[in-house]
Amino acid sequence: MEFTKGENRFYKEEHGKLLAEVTYVPQGDQVAIDHTFVDPSLRGQGVAEQLVDRVVEEMEKEKKKIIASCPYVVELFKRKSEKYQAINANA
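The paragraphs below set out a description of the structure included in this document.

### A short note on the pattern of salt bridges
Item 1. Taken as a whole and assessed by the stated rule, the structure comprises eight salt bridges.
Item 2. Among the ionic pairs, Arg54 bridges to Glu58, the shortest N-O distance being 3.2 Å. Remark: Glu58 and Arg54 occur in helix H1 (residues 47-61); sequence separation between them is four residues, near one turn of the helix.
Item 3. A salt bridge links Glu62 to Lys64, with the shortest nitrogen-to-oxygen separation between them at 3.5 Å.

Right, here's the structure in full:
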């Protein structure tokens, strides 16, 4: 799925309706992912993880680490610790 990059967020909209979004807050050489949202019509398809991966891709380019403050991201980083170890500021 393709996401649009906005101000401190990536999101997916269709016909003016927000379908998925992840937001982050810059904190020096790190960013805190503080919110993820996926519309019920897209849940169970891995969209939230795709959103997080899009932030990871962007932060790797910027050489920044990610602080997981959103409960979903905290759990994702625990569940897939090997995948996110290099980018996780709390690892």
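### Considerations on unusual backbone geometry
Of all residues except glycine, most have a negative phi; of all peptide bonds, most are trans.
Item 1. Phi angles above zero are rare outside glycine, and Asn8 is one such case at about 55°.
Item 2. Counting through the fold element by element, Asn8 comes out in the loop between strand S1 (4-6) and strand S2 (9-14).
Item 3. The backbone of His15 sits at a positive phi, close to 55°, despite the residue not being glycine.

### Comments concerning the sheet that holds strand S4 (residues 30-38)
Sheet strands pair via backbone hydrogen bonds, and the direction of the pair is either parallel or antiparallel.
Item 1. Read from one edge of the open sheet, five strands run S1-S2-S3-S4-S5, paired in mixed fashion. Here the strands that pair on one side only, and so sit at the sheet edges, are S1 and strand S5 (65-68). Averaged over all adjacent pairs, the angle separating strand axes in this sheet is 30°, with direction ignored.
Item 2. This element, H1, spans S1, S2, strand S3 (17-27), S4 and S5 of the sheet and lies at about 155° to S4.

Calculation criteria
Residues numbered from 1 in each chain as written. Predicted model: local features only at pLDDT ≥ 70, side-chain atom pairs only at ≥ 80, totals over all residues. Heavy atoms only, no water. Salt bridge = Lys/Arg side-chain N within 4 Å of Asp/Glu carboxyl O. Helix = DSSP H or I, 4+ residues; strand = E, 2+ residues; numbered from the N terminus. Pairing = 2+ DSSP bridges. Axes fitted to C-alpha atoms, helices over the stretch in contact; angles between N-to-C directions. Contact = heavy atoms within 4.5 Å.

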